[in-house]
Structure formats: C-alpha cells, structure tokens
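# Architecture at a glance
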Amino acid sequence: MVKWAIAVHGGAGVDPNLPLHRQEEAKQLLARCLNLGIHALRSNLPALDVVELVVRELETDPLFNSGCGSALSEKGTVEMEASIMNGPNRQYGAVSGLTTVKNPVSLARLGVELMQNEYFITEDNVEMLKLAKEANAILFDYRVPTVGAETCAAEADNPITMNGLPISVYAPETVGCVVVDRDGQCAAATSTGGLMNKKTGRIGDSPIIGAGTYACKVCAVSCTGEGEAILRGTLARDVAAVMEYKGLGLQEAVDFVIKERLDEGKAGLIAVSDKGEVAYGFNANAMFRGCASEDGFMEVGIWD
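So, here's what we can say about the structure.

Criteria and thresholds
- Residues numbered from 1 in each chain as written.
- Predicted model: local features only at pLDDT ≥ 70, side-chain atom pairs only at ≥ 80, totals over all residues.
- Heavy atoms only, no water.
- Pairing = 2+ DSSP bridges.
- Helix = DSSP H or I, 4+ residues; strand = E, 2+ residues; numbered from the N terminus.
- Axes fitted to C-alpha atoms, helices over the stretch in contact; angles between N-to-C directions.
- Buried < 20%, exposed > 50% of the residue type's maximum accessible area, 1.4 Å probe, protein only.
- Expected span 1.5 Å × (residues − 1).
- Contact = heavy atoms within 4.5 Å.
- Phe/Tyr/Trp six-rings, centres within 6.5 Å; stacked < 30°, edge-to-face > 60°.

Strand order across the open sheet formed by four strands is S8-S9-S10-S11, with antiparallel pairing between neighbours. Here the strands that pair on one side only, and so sit at the sheet edges, are strand S8 (213–215) and strand S11 (278–282). Within this sheet the neighbouring strands show an average axis-to-axis angle of 10°, counted without direction. Bridging between S8 and strand S9 (residues 219–225) involves three bridges; their strand directions are antiparallel. Bridge pairing in S9 links Tyr214 to Val221.

Structurally, Gly193 is set in the loop between strand S7 (186–192) and S8. Assessed through its relative accessible area of 0%, Gly193 is described here as buried. With 94 residues separating them in the primary sequence, Gly193 and Thr99 have C-alpha atoms 9.9 Å apart.

With that out of the way, let us pick up helix H6 (residues 235–246). If you check H6, its first and last C-alpha atoms are 16 Å apart, about what 12 residues at 1.5 Å a residue would give, namely 16 Å. Taken residue by residue, H6 has Leu235, Ala236, Asp238, Val239, Ala240, Ala241, Val242 and Met243 as its buried positions. As for H6, its buried residues are in contact with S8, S9, helix H5 (227–232), helix H7 (250–260) and strand S10 (267–273). Positioned one or two residues after H6, Gly247 has a phi angle of 75°, which is positive.

Strand order across the open sheet formed by seven strands is S3-S2-S7-S6-S1-S12-S13, with antiparallel pairing between neighbours. Edge strands, defined here as strands with exactly one partner in the open sheet, are strand S3 (91–98) and strand S13 (298–301). When strand polarity is set aside, the average angle formed by the axes of neighbouring strands in this sheet is 5°. As judged from the six bridges shared by strand S6 (residues 175–180) and S7, these two strands associate in the antiparallel manner. Residue pairing in the sheet places Gly176 in a bridge with Thr190 of S7. Helix H2 (residues 47–60) rests against strand S1 (5–12), strand S2 (80–86), S6 and S7 of the sheet, and its axis sits at about 160° to S6.

With that settled, the discussion passes to the pairing of S3. Pairing between S2 and S3: six bridges, direction antiparallel. Paired with Ile84 across the bridge in S3 is Gly93. As consecutive antiparallel partners, S2 and S3 are separated by four residues, and within that stretch Arg90 has a phi angle of approximately 55°, a positive value.

Applying the stated criterion across every chain, the model contains two aromatic pairs. Judged by centre distance (5.4 Å) and plane angle (55°), the rings of Phe64 and Phe288 are tilted. One end of the pair, Phe64, is in the loop between H2 and S2; the other, Phe288, is in strand S12 (residues 287–293), with 224 residues separating them in the sequence. Assigned by exposure class, Phe64 and Phe288 land together as buried. Seen from their ring centres, Tyr280 and Phe282 are 6.4 Å apart, and the 15° between their planes marks the pair as stacked.

Structure follows, in structure tokens:
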C-alpha cells in the first residue's frame, strides 16, 4: 500500500505588490482545498474523485481564475477550459469554450450543471476587462490590487514580465490538483478561465492532455503559466517521459522539465508519483501552491 499525497496550485506568476491580505486569502483557500482533499483521501476516495472534488472547490471560489472567478473574453463573456485524467488507464476528459457550466472539471468528467452567464460576471472582472480594452492588451488575469489598478496596462513600468507583459497585469490564470491515493493510483485535473480580453475561441494549455494536464501509472502533473510555452514543451507529459525513459525521480524530473523544456517561457507545475511522492517547480517569480502527504508533511506557499 502506498501513502497518499496531494498538491494544488492557483497559478504561476504573481505581482510582487499583491497586498498581504490578498496573499493571505489565497493561502487560506489553498489550505482549505488541501484539507478537503486530505479528508477525502483518509476516507479512501480514489484519486480521480479527489482531484475533481478539490478543483470543484477552487472553481466555486472566485479568488482564482476558474469557474466563478473566470476572466472575461473580448466580448465580455466567459470561455472556460478544463481537463481531468486518470493515471491507471490514461482515460481523460477535456472541455473548452464553456460559457454556462458552473464546474468545468465535472463536465470534463461528464457531469454537468448549467448556470446563467451572469453567474460569472463580477465587478472585478468587468473592471479589468475595461482596463484591458483601454490598454489594448490581453491581461492574463485580474487578481491584482483594485487600488492603483490604473497601472494594469501593457506599458506599466515593471521589470518582471510574463509572456512579454508587466507582472502587474499578470496573475495566476489556472487552478489544478494532483493526487496519488493509497492504491498508488495517480490523477490530475486543471481548470481555467483563460486570458482576460482574449480572442473568442482561444484555447490554451489547460484542456490539452500532455501539455497542461497528464496522468499515467507513474505520475500525475498539472501545469500553469504561459500557455504557449507549456504547449510547445508538452510540459506535463515530459515529466512522465523523463521518469520513464531517463529513470529520474519525481523532483528531479520536475526540475529537469522546468529548466530544459520551457525555452524562455515562464511556468510552474505540481506533481505526484505512484510512490507517494509530491513535488513542484516553477521558473516564474512565484506560484500559488500547496502540498501534503500522509507522512504529515504540509506546505502552503507563494514565493520561493
């Protein structure tokens, strides 16, 4: 019997000026989701059920950019994406362009609950869509201080960038969860609202199996960051590949992929292995993440 492990993320790339109370809210949400998953694992729920349960919780809270908190497209509507994958048989489900689904991750698993589009329209995301249009820029998300929001334009003076844009207009754009249960079965799920002010129909890495999400008998991975870089590097699958073909351990594989497969892109990922290991890595300035294992280890963090 394997000891269980779990990890969650709320996105890579964080504005250094994000207020402390926003940081604390994010860490509290991650801790709550971790504890939800831990309780489910202690109750012997299978890994696939646990990742869906945890990502549903992340989608229902508007703090991160998924589900209720989704960013708005150029037309002022949501176009959500999600994927989920079961490691033992590599079965998966993926969805994109969703506009009325409360929990995209569950639709990816063929469970659907329709909502009116107004459910997703909040004061925050409407204001940031306005700023994005005024700046003629695509904002990766809008989890930035509402005070001083006028700096959220493409020409903002900030040396840290993500995908060529100042970090002040970039914040976590994806949520995800990876789990290995006591049977050594791995599963992964990822969900996102996409880019603020994105073109209608744009598809990112989150619903693409092998890029944003991957699970097999060896490991499970969920990615976040610059979608194009993640897609080019088939980031999630590459973690499994170097474990299978190079014989690397989980953390070694994560570190190798982050260093060697992203070119100049910025991203992060969380991963678990069939041996009960948990790992994460990122080359962005920060990543909202949390992880725990049956050994009693638990960590919730943002910065290095």
